[in-house]
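The lines below spell out each chain.
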Amino acid sequence: MKIIFHTGRYFLLLAKVFSRPEKGKIYFKLILREIENLGINSLGIVIIISVFMGAVITLQTAYNLENPLIPSYLIGLTARDSMILEFSSTIVGLILAGKVGSNIASEIGTMRITEQIDALEIMGVNSASYLVLPKIIAAVFINPFLTIISIFVGIFGGYIAALTTGAVAPSAYIYGLHYVFIPFYITYSLIKVVFFAFIITSVPAYHGYYSSGGALEVGRSSTMAVVYSSILILLFNVILTQLLLT
Amino acid sequence: MIEIRDISKSFGNTHVLKNISTFFERGKTNLIIGQSGSGKTVLLKSIIGLHKIDEGEIFYDDKEFSKMQDKDKKEIRKELGMVFQGGALFDSSTVQENVMFPLDMFTEMSYNEKLERVNFCLNKVNLENANNLYPAEISGGMQKRVAIARAISLNPKYLFCDEPNSGLDPITAIVIDNLIRELTLEFNMTTVINTHDMNSVMEIGDKITFIHEGQKWWEGNKSEILKTENHELNSFVFASELMRNFKT
Ligand SMILES: Nc1ncnc2c1ncn2[C@@H]1O[C@H](COP(=O)(O)OP(=O)(O)OP(=O)(O)O)[C@@H](O)[C@H]1O
Ligand SMILES: [Mg+2]
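Residues numbered from 1 in each chain as written. Chains lettered and ligands numbered in written order. Predicted model: local features only at pLDDT ≥ 70, side-chain atom pairs only at ≥ 80, totals over all residues. Heavy atoms only, no water.

Caption draft 1: Examining the overall build of chain A more closely. Check the secondary structure of chain A and you find nine helices and zero strands. What you see in chain A, going N to C, is helices and strands ordered as α-α-α-α-α-α-α-α-α. The principal-axis extents of the C-alpha atoms in chain A amount to approximately 70 × 40 × 35 Å. Here chain A holds 246 residues, and the buried ones make up 48% of them. The contacts of chain A with a sequence gap of at least 6 include a subset with a gap of at least 24, amounting to 87%. Of the roughly 11,600 Å² of accessible surface on chain A, 73% is carried by carbon and sulfur atoms. Both charge centroids of chain A, one from 14 positive and one from 11 negative side chains, sit 6 Å from each other. (Helix = DSSP H or I, 4+ residues; strand = E, 2+ residues; numbered from the N terminus. Buried < 20%, exposed > 50% of the residue type's maximum accessible area, 1.4 Å probe, protein only. Contact = heavy atoms within 4.5 Å. Areas by Shrake-Rupley, 256 points an atom, 1.4 Å probe, with all protein chains shown as cover. Lys, Arg positive; Asp, Glu negative; His and termini not counted. Charge placed at Lys NZ, Arg CZ, Asp CG, Glu CD.)

The structure is reproduced here in structure tokens:
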């Protein structure tokens, strides 16, 4: 029952979010600010985890493939495809759900309980659109770039691992990177990212927007926001993979 | 003028407002008084449409607000300023940005014109040199004043203040009361103020509506309130030693 209620209210909020905004120029500024907030400020964490994940994928594949019949350039291929297919889209999405999602839910939730949203409404501003639309647009725009950066940095991390540990010869690793490259994997990854970007902004915004009570409730809605956006990311990962890769 | 007729509002099974009718005149400071929890905030939010009323009618200068489409309500809202109980300043914006916000949203003024208007409003509330501070960096009384400046930035016809001086020292409280009264006279606004502060009542109460348990219990002006025989109002008005001394 509850899930129907929340789904219904979520879509009603989206309808409000996507109704015509008051003033284009102001929205443009807000979008730029959110690109910085949600995108540029997440660059650090995305780079750090991508380097390490690329390195660890390379090492683990290398140590698990000690069969001499399997060519070692497959390690490079594995690192490349793991980054493109799952890591740089889904795992980065999950991490951003934690970082960006809790940030959005607590920001909007605080605005709700301190009557800032009421203040917007009373001035005649469409608060849902004003607060949520710039975040969705910014994330949908910037997250694909984060993913592409993550892919490159991850592959580079694998290269560094190869170079420093000798688990695989760097030249074999590089050869593997070029081996049967399927461009559609990138498209698939970016399509997923756009869906995830929508989820990790709109779902936390929903939880924040309908917060009530005090600081404790805002904390709770921020936790719920992260939980639900993570579950939805995993669910859509399965659905989109089934739709796109078969 | 704002008139309300028989408005009722419930949250689930709690009937918060029960058949309240009254009117608030232009150029006057209209006070709504009552105990904590009596329904003052709910009444104010119902009048401005933040709460949907269950029954009754609300008129803004003969225009029936309660029956309007959202689009027409928006037009009324541009003529309306509200000072919330907690100030409700945007905490990621500076004082200047807060006051400029309605101008950004609803006017085509140039930046310099907007800045001039912002400084005019901040000057009205005696706040200078605070333009670039954030709400967290200024005191509660200053926040209230910024909230008032923001509320008047679009030159509203109607001004609503929910306990504008609660939590302030007596001197600042009176400064704010008088400020609201002066603005009301100067710009000929219809002003409605929620308060439970008897000082405000005696200072600026042109018209006083006493709400008790969600009902309109009494209304009158500040000289009548001291002579009232109404039991509940009497215990509200003369709750403090000071006011009791005042009576005798
Ligand atoms: N959103 C809401 N949902 C349910 N009940 C509410 C809601 N808002 C207010 N109430 C109830 O309505 C009653 C009146 O509340 P209101 O905030 O109007 O009091 P008040 O007169 O403004 O008090 P105070 O002087 O303390 O601000 C209270 O019993 C409160 O619990
Ligand atoms: Mg109140």
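Next comes the rest of the description.
Caption draft 2: Summary view of helix α4 (residues 111-124) of chain B. Residues and elements named next belong to chain B. Helix length check: α4 (14 residues) gives 20 Å between terminal C-alpha atoms against 20 Å at 1.5 Å per residue, within 8%. Buried residues in α4 make contact with α3 (95-106) and α5 (140-152). One or two positions beyond α4, positive phi appears at Asn126, with a value near 60°. (Expected span 1.5 Å × (residues − 1).)

Caption draft 3: Looking closely at the coordination of the magnesium ion (ligand 2). All names here are of chain B. Distances from the magnesium ion (ligand 2) to its protein donors, Thr41 (OG1) and Gln85 (OE1), fall at 1.9 to 2.5 Å. Of this pair, Thr41 sits in helix α1 (residues 40-47) while Gln85 sits in the loop between β6 (80-83) and α3, and the two are 44 residues apart along the sequence. The class of Thr41 is partly exposed, set by a relative accessible area of 22%. (Donors = N, O, S within 2.8 Å, 3.2 Å for Na, K, Ca; no water.)

Caption draft 4: Representation of the nonpolar core in the model. Ranked by internal contacts, the top residues of the largest apolar core, which has 57 residues, are Ile108, Leu120, Tyr130 and Leu131 of chain A together with Phe101 of chain B. Considering every element that reaches this core, the biggest residue donor is helix α4 (residues 73-113) of chain A, with 13 residues. Aside from chain neighbours lying at most four places away, what touches Phe101 of chain B is Leu120, Met123, Val125 and Tyr130 of chain A together with Phe90 of chain B. One finds Val125, Ala147, Ala173 and Ile193 of chain B within the second-largest nonpolar core, a separate group that totals 43 residues. (Core = buried A, V, L, I, M, F, W, Y, C linked by side-chain atoms within 4.5 Å.)

Caption draft 5: Quick look at the site of ligand 1. All names here are of chain B. Taken together, 13 residues are adjacent to ligand 1, and Ser36, Gly37, Lys40, Thr41 and Glu163 come closest. Within the backbone of Gly37, an N or O atom sits 2.8 Å from an oxygen atom of ligand 1. Examining the composition of the shell around ligand 1, we find that three residues originate from one element, α1, more than from any other. (Near = heavy atom within 4 Å. Polar contact = N/O pair within 3.5 Å; in protein donor to acceptor, adjacent residues only side chain to side chain.)

Caption draft 6: Geometry of the sheet that holds strand β3 (residues 29-33) of chain B. Residue and element names in this part refer to chain B. Across the sheet, which stays open at both edges, the six strands sit in the order β6-β7-β8-β3-β9-β10 with mixed pairing between neighbours. The open sheet has two edge strands, β6 and β10 (215-220), and neither has a second partner. Going across the sheet, the axis of each strand differs from the next one's by a mean of 15°, ignoring polarity. In this sheet, β10 lies alongside strand β9 (residues 207-212) in antiparallel orientation, the contact comprising five bridges. The residue of β10 that forms the bridge with His212 is Gln215. (Pairing = 2+ DSSP bridges. Axes fitted to C-alpha atoms, helices over the stretch in contact; angles between N-to-C directions.)

Caption draft 7: Structural detail: a nonpolar patch on the surface. Residues and elements named next belong to chain A. There is a patch of nonpolar side chains on the surface, built from Met224, Val227, Tyr228 and Ile231 and spanning about 340 Å² of accessible area. Turning to its location among the elements, Val227 is positioned in helix α9 (residues 215-245). Residue Val227 is classed as partly exposed on the basis of its relative accessible area, which comes to 39%. (Patch = residues over 30% accessible without salt bridge, like charges linked within 9 Å, V, L, I, M, F, W, Y side chains within 5 Å. Salt bridge = Lys/Arg side-chain N within 4 Å of Asp/Glu carboxyl O.)

Caption draft 8: Structural detail: the pairing of β3 of chain B. Residue and element names in this part refer to chain B. For β3, the buried fraction is high: five of the five residues fall into the buried class. Across four bridges, the pairing between β3 and β9 is parallel. Looking at β9, one finds that Asn30 is bridged to Lys207.

Caption draft 9: Structural context of the pattern of salt bridges. In the structure shown here, the tally under the stated rule is 21 salt bridges over all chains. We note a salt bridge from Glu115 of chain A to Lys45 of chain B, for which the minimum N-O separation is 2.8 Å. Of the two residues, Glu115 of chain A sits in the loop between α4 and α5 (116-122) while Lys45 of chain B sits in helix α1, which places them in two different chains. Since its relative accessible area comes to 10%, Lys45 of chain B is described here as buried. Across the pair Glu163 of chain B and Lys40 of chain B runs a salt bridge, and its minimum N-O distance is 3.9 Å. One end of the pair, Glu163 of chain B, is in the loop between β7 (158-162) and α6 (170-187); the other, Lys40 of chain B, is in helix α1, with 123 residues separating them in the sequence. Just as Glu163 of chain B is buried, Lys40 of chain B falls in that class too. Several salt bridges share partner residues, and in doing so they unite Arg112, Glu115 and Asp118 of chain A together with Lys45 of chain B into one network.

Caption draft 10: Geometry of the interface of chain A and chain B. Across the boundary between the two partners, chain A contributes 17 residues, which contact 24 residues of chain B. Between chain A and chain B the total buried area reaches about 1,800 Å² when both faces are included, carbon and sulfur atoms providing 63% of it. Here chain A is connected to chain B by two salt bridges. On inspection of chain A and its partner chain B, the count reaches three residue pairs in polar contact (both at pLDDT 80 or more). The element that contributes the greatest number of residues to the side of chain A that touches chain B is α5 of chain A, accounting for six residues. Per-class residue counts for the side of chain A that touches chain B are eight nonpolar, four polar and five charged. (Buried area = accessible area lost by both parts, 1.4 Å probe. Nonpolar A, V, L, I, M, F, W, Y, C, P; charged D, E, K, R; others polar.)

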